[in-house]
Structure formats: C-alpha cells, structure tokens
Amino acid sequence: MSQEAAAPSAPAPGPAQIPRYFRNDAELASRDPHKQLIASLNRLITDYPPHRVPPGGGLYYGPTSIAYLFYALHKIYPDLTLDEFPMNTWSAAYMEQAQTNMKSYPGPKPTKCGVSDDIMSLLALYAVTAKDPDTVKELCDFAAVTIEPDASNEWLYGRAGYLYLLRLVRGAFSDDKETMELIEDTQDEVIENIMESSRPWKWHGKAYVGAVHGAIGIITQIVLTDPAWAPKLEAELGALLSYQYDSGNFPSSLPPGRDRLVQFCHGAPGIVASLASIQQYFPNLKDRIDRVVEKGRQCIWERGLLTKEPCLCHGVSGNALALEGKQFDHFLSYSTGHEIKSMGKDGMLEKSDDPSALWCGEAGRAWAWAVADKGLEKRLLGYNDI
C-alpha cells in the first residue's frame with residue numbers, strides 16, 4: 001500500500017541515492033494517449049491477471065479497485081475489447097476474484113469505513129452493476145458503523161470515503177424513488193456526523209490537510225455529495241487555503257512542518273485537483289481559489305516529476321491530473337511502460353508495493369491515459385469523478 005496514504009507515521013525513506021523528484025527541464029513531450037491506454041491495459045491483464053491479484057484494498061488497491069477501473073472504462077469505451085473481451089467482462093473477472101475471498105474480509109468498523117473497505121466497496125460495485133436495490137440497503141445499513149463517535153472522517157478509511165460509495169450507487173438508481181430516498185437519508189446522516197465532529201478533523205491524532213486523510217478530502221466528499229453544505233464549509237475551506245506555503249505547496253498536517261511532499265495524498269496536487277471539482281460551489285472564494293490553484297500548479301510543475309512509480313496517490317499520474325493542457329500531457333509522458341523501465345535501469349525508480357492497483361499502480365496509469373484520450377475532466381477515479 002501507499003507509504004504516505006496508508007501509514008500514520010512518516011514515510012519510510014527510499015534508497016539514499018534516489019531523490020524525491022527529478023528536474024523538469026526536458027522539452028515538452030506528449031504521447032498518443034489511446035495507444036498508451038491500450039498498452040497499459042494489456043500490461044495490467046498480462047502481468048496481473050485476476051487470479052494473481054491478492055485480495056483486499058477496496059477501491060484503493062487489489063482486485064476490486066481493478067474491477068472498478070474496468071467498470072468505469074466500459075461506460076467510456078463500450079465497444080473496446082482486450083483479448084476479445086469487453087471491459088465489463090474484465091470487470092466481472094476481477095470482481096469475482098474479490099468475491100471469492102469475501103470470508104477473509106474483516107468488514108467495516110468505525111476506524112475503517114472508507115473506500116479501502118472491501119465489503120462496502122464490493123457492495124457498492126455489485127449494486128451498480130446488477131442494479132440491485134437490496135444490495136444498496138446492505139450498503140446503507142453500514143451507516144450504523146460510521147456514526148460511532150470514534151469513526152474516522154477522512155476519505156481512505158473514514159466517513160468521507162463512505163460518501164463516495166453512496167454517490168456511486170446513487171447515480172445508478174435515479175429512477176427508483178424508494179432507493180434514492182434511502183441513499184439520501186443515509187448520506188445526510190453521515191454528513192451530519194462529520195460536521196458535528198470536533199475540529200480540526202484528525203486521523204491517528206494528527207490534523208491532516210490533504211486529499212486522502214485530510215480536510216480538503218473531507219470537504220470535497222461532502223460538497224460533491226450535497227452542494228447545499230458548501231456555505232457551511234466556506235470558512236473552513238478559506239482557512240485551509242491560507243496554509244499554502246510560499247512555494248505553492250501545502251503541509252501534510254498541522255502545525256506545518258517541512259515542505260516535502262508534492263503528491264496527491266499529501267501536498268498541492270491533491271488540493272489543486274480537489275479545488276477544481278468544488279470551486280463552483282464557493283463563488284465567494286473564487287479569486288482566492290484561482291490564485292491558490294495557479295501557485296499550486298507552479299509547484300507541481302517544478303517538483304512533481306516524482307521518482308516513485310507513476311500512480312494516482314503518490315506519483316506522476318496523480319500529479320498530472322492536477323495540471324492542464326500541455327503540462328498535463330508532458331507529465332503523462334513519464335508514465336509510459338518504456339519510461340518506467342528506463343527509470344528503473346537508471347536507478348531512479350522507487351517501485352510500488354501494489355503495482356497493479358488503481359491508486360498505487362498500473363490501473364491508475366490506465367485511468368489517466370483514458371482521461372487524456374477522451375478529453376475528460378481531470379478527475380481521479382474513486383475520489384472526485386462523481
């Protein structure tokens with residue numbers, strides 16, 4: 001799993017000779033995104049076929065995360081096939097691998113009820129693929145876990161991630177009034193519990209700022225779930241904007257420490273990407289957000305070509321999705337199979353612990369290429385795409 005996103009302690013240092021990032025001084029480059037998407041997907045099914053992906057990880061890593069990628073791609077590419085099978089067949093194959101291990105999953109608990117929970121993620125994905133309202137009821141029943149006073153609030157392990165799963169199923173049942181009411185009642189209850197939590201929101205005793213464990217991630221999930229809450233979060237978001245360093249980056253947690261990590265989970269990329277998806281709901285902060293985003297993107301451009309294996313959570317793929325235009329294309333050019341091999345040969349690659357994963361590996365790289373190929377909004381699958 002992600003060193004930064006999954007562990008409350010400081011990240012384990014990589015080999016001493018590998019810096020965090022390398023200088024962004026090459027000429028602007030781009031690659032054919034459709035060709036790279038197909039290459040990425042072929043690596044995924046060849047190197048990490050369903051039966052070889054260890055269970056666990058929810059939408060963050062593991063077979064359910066890959067199933068979710070293929071589910072999303074089938075909606076975007078209904079006619080695309082790999083080895084003559086459409087995207088939804090691949091989704092079902094990875095989902096079956098996850099379901100086979102159902103008995104080994106501990107199930108949601110107050111400190112693990114976000115997108116990384118296997119049971120909740122599987123229920124959500126099954127509900128939308130099978131259009132099964134009974135499964136939605138099972139998912140909503142888990143609200144009882146999230147209202148415990150010690151429940152986490154952040155996206156990866158907490159209530160905010162549960163809100164994402166509720167949005168996912170909500171989109172599939174717009175024509176089912178009874179199920180929609182249940183989903184909306186559940187999300188209202190979860191949001192109210194987050195809002196009633198003491199401030200600053202903490203995870204493992206620290207007040208994180210970023211997208212995966214911190215305040216911007218919580219604010220983003222609330223507002224995307226129900227924009228009516230935005231006015232009540234305006235002051236909170238305004239305070240968060242003030243934490244930006246002169247460099248354009250953001251601290252991982254409060255009080256601010258060293259300016260180190262420029263990646264989606266901790267730093268400017270996650271905050272910039274989040275702001276891009278919620279800015280419209282904060283008209284009073286528009287000018288401030290514009291300035292923060294511009295400064296944040298300058299930081300990402302200067303320090304965002306990371307030596308960690310390209311991925312969404314803490315790699316160049318996630319950083320690319322916080323950029324626009326030719327800068328986006330340029331960053332993605334560092335996530336090709338050829339580039340990754342070249343970095344490895346040069347001793348400039350810190351390999352992923354979960355190389356197949358949506359948020360830590362190949363599946364996430366494929367998502368970024370799909371965004372480029374179809375000219376989609378720069379969103380991260382499982383976080384702010386819905």
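Residues numbered from 1 in each chain as written. Predicted model: local features only at pLDDT ≥ 70, side-chain atom pairs only at ≥ 80, totals over all residues. Heavy atoms only, no water.

Caption draft 1: The arrangement of the nonpolar core in detail. Core analysis: the largest hydrophobic core is formed by 123 residues, its most contacted members being Leu41, Leu69, Phe70, Leu237, Phe282 and Trp359. If near-sequence neighbours (up to four positions away) are discounted, Leu41 is found in contact with Leu69, Phe70, Leu73, Leu80, Leu82, Met87 and Ala366. (Core = buried A, V, L, I, M, F, W, Y, C linked by side-chain atoms within 4.5 Å. Buried < 20%, exposed > 50% of the residue type's maximum accessible area, 1.4 Å probe, protein only. Contact = heavy atoms within 4.5 Å.)

Caption draft 2: Region of the structure containing the UniProt feature "binding site: Zn(2+)" (unreviewed entry) in the protein chain. Here, UniProt's "binding site: Zn(2+)" (unreviewed entry) annotation points to Cys265, Cys313 and His314. Over a stretch of 50 residues, the named residues converge on one spot in the fold, their C-alpha atoms separated by at most 6.2 Å. Mapped onto the secondary structure, Cys265 falls in the loop between strand E4 (253–254) and helix H12 (268–278). The topology assignment puts Cys313 in the loop between helix H13 (286–303) and helix H14 (316–320). (UniProt positions renumbered as here; feature names shortened; annotations may be inferred. Helix = DSSP H or I, 4+ residues; strand = E, 2+ residues; numbered from the N terminus.)

Caption draft 3: Molecular detail of the packing of H12 against H13. The geometry of H12 relative to H13 is characterised by a closest axis approach of 9 Å and an angle of 140° between their N-to-C directions. By the angle between their directions, the pair H12 and H13 is classed as oblique. For H12 against H13, the interelement crossing comes out left-handed. Contact residues: Ala268, Pro269, Val272 and Leu275 in H12; Ile289, Val292, Val293, Gly296, Arg297 and Ile300 in H13. Looking at the contact of H12 with H13 residue by residue, the classes come out as eight nonpolar, one polar and one charged. (Axes fitted to C-alpha atoms, helices over the stretch in contact; angles between N-to-C directions. Parallel < 35°, antiparallel > 145°, perpendicular 65-115°, else oblique. Left-handed = near helix turned anticlockwise from the far one by under 90°. Nonpolar A, V, L, I, M, F, W, Y, C, P; charged D, E, K, R; others polar.)

Caption draft 4: Seen up close, the environment of Leu240. Its location among the elements puts Leu240 in helix H11 (residues 230–241). Leu240 sits in the buried class, given a relative accessible area of 2%. Distance from Leu240 to Val223, taken between C-alpha atoms, is 15 Å for residues 17 residues apart in sequence.

Caption draft 5: Examining the confidence of the model for the protein chain more closely. Averaged over every residue, the pLDDT of the protein chain is 95; the share at 70 or more is 96%. In the model, residues 1–15 has pLDDT below 50 throughout and makes 42 contacts with residues more than four positions away in sequence or in other chains. (pLDDT = per-residue confidence, 0-100.)

Caption draft 6: Geometry of helix H3 (residues 63–76). For H3, which comprises 14 residues, the first-to-last C-alpha distance of 20 Å matches the rise-based estimate of 20 Å (1.5 Å per residue) to within 8%. Along H3, 11 of the 14 residues are buried, which leaves the element largely enclosed by surrounding structure. Three or more residues of H3 are buried, namely Pro63, Thr64, Ser65, Ile66, Ala67, Tyr68, Leu69, Phe70, Tyr71, Ala72 and Leu73. Its buried side turned inward, H3 meets helix H2 (33–47), strand E1 (81–82), helix H4 (87–100), helix H5 (118–130), helix H8 (159–170) and helix H17 (362–374). (Expected span 1.5 Å × (residues − 1).)

Caption draft 7: Local environment of the packing of H3 against H4. Packing of H3 against H4 leaves a shortest axis separation of 8 Å and a crossing angle of 160°. Taken together, the axis directions place H3 and H4 in an arrangement best described as roughly antiparallel. Between H3 and H4 the crossing geometry is left-handed. Contacts from Pro63, Thr64, Ile66, Ala67, Phe70, Tyr71, Leu73 and His74 of H3 reach H4 at Met87, Asn88, Trp90, Ser91, Tyr94, Met95, Gln97 and Ala98.

Caption draft 8: Molecular detail of helix H6 (residues 133–141). Turning to H6, its buried residues number three or more, namely Thr135, Val136, Leu139 and Cys140. One face of H6 carries all of its buried residues, which in axial projection span an arc of 140°. Those residues of H6 that are buried are in contact with H5, helix H7 (143–146), H8 and helix H9 (177–196). (Arc of directions from axis to C-beta.)

Caption draft 9: A look at the packing of aromatic side chains. A full pass over the atoms with the stated rule returns 16 aromatic pairs. Note on Tyr60 and Trp155: the rings are 6.4 Å apart at their centroids and 70° apart in plane angle, and the pair reads as edge-to-face. Of this pair, Tyr60 sits in the loop between H2 and H3 while Trp155 sits in the loop between H7 and H8; the two residues are 95 residues apart in sequence, bridging distant segments of the chain. On the basis of relative accessibility, which here comes to 0%, the residue Tyr60 falls in the buried class. Given a relative accessible area of 1%, Trp155 falls into the buried group. The interplanar angle of 10° and the centroid separation of 5.7 Å between the aromatic rings of Tyr157 and Trp203 together place this pair among those described as stacked. Separated by 46 residues along the polypeptide, Tyr157 in the loop between H7 and H8 and Trp203 in the loop between H9 and strand E3 (207–208) bring together distant segments of the chain. Here Tyr157 falls in the buried class, since its relative accessible area comes to 11%. Taken together, the ring pairs in this structure connect Tyr60, Tyr61, Trp155, Phe264, Trp359 and Tyr383 into an aromatic cluster. (Phe/Tyr/Trp six-rings, centres within 6.5 Å; stacked < 30°, edge-to-face > 60°.)

Caption draft 10: How the structure looks around unusual backbone geometry. In this structure, Pro200 follows Arg199 across a cis peptide bond, with omega equal to -10°. Locating Pro200 in the fold gives a position in the loop between H9 and E3. Here the residue pair Leu254 and Pro255 is connected by a cis peptide bond, since its omega of -5° sits within 30 degrees of zero. Within the secondary structure, Pro255 is located in the loop between E4 and H12. Even without being glycine, Glu84 reaches a positive phi, approximately 75°. Note that Glu84 resides in the loop between E1 and strand E2 (85–86).

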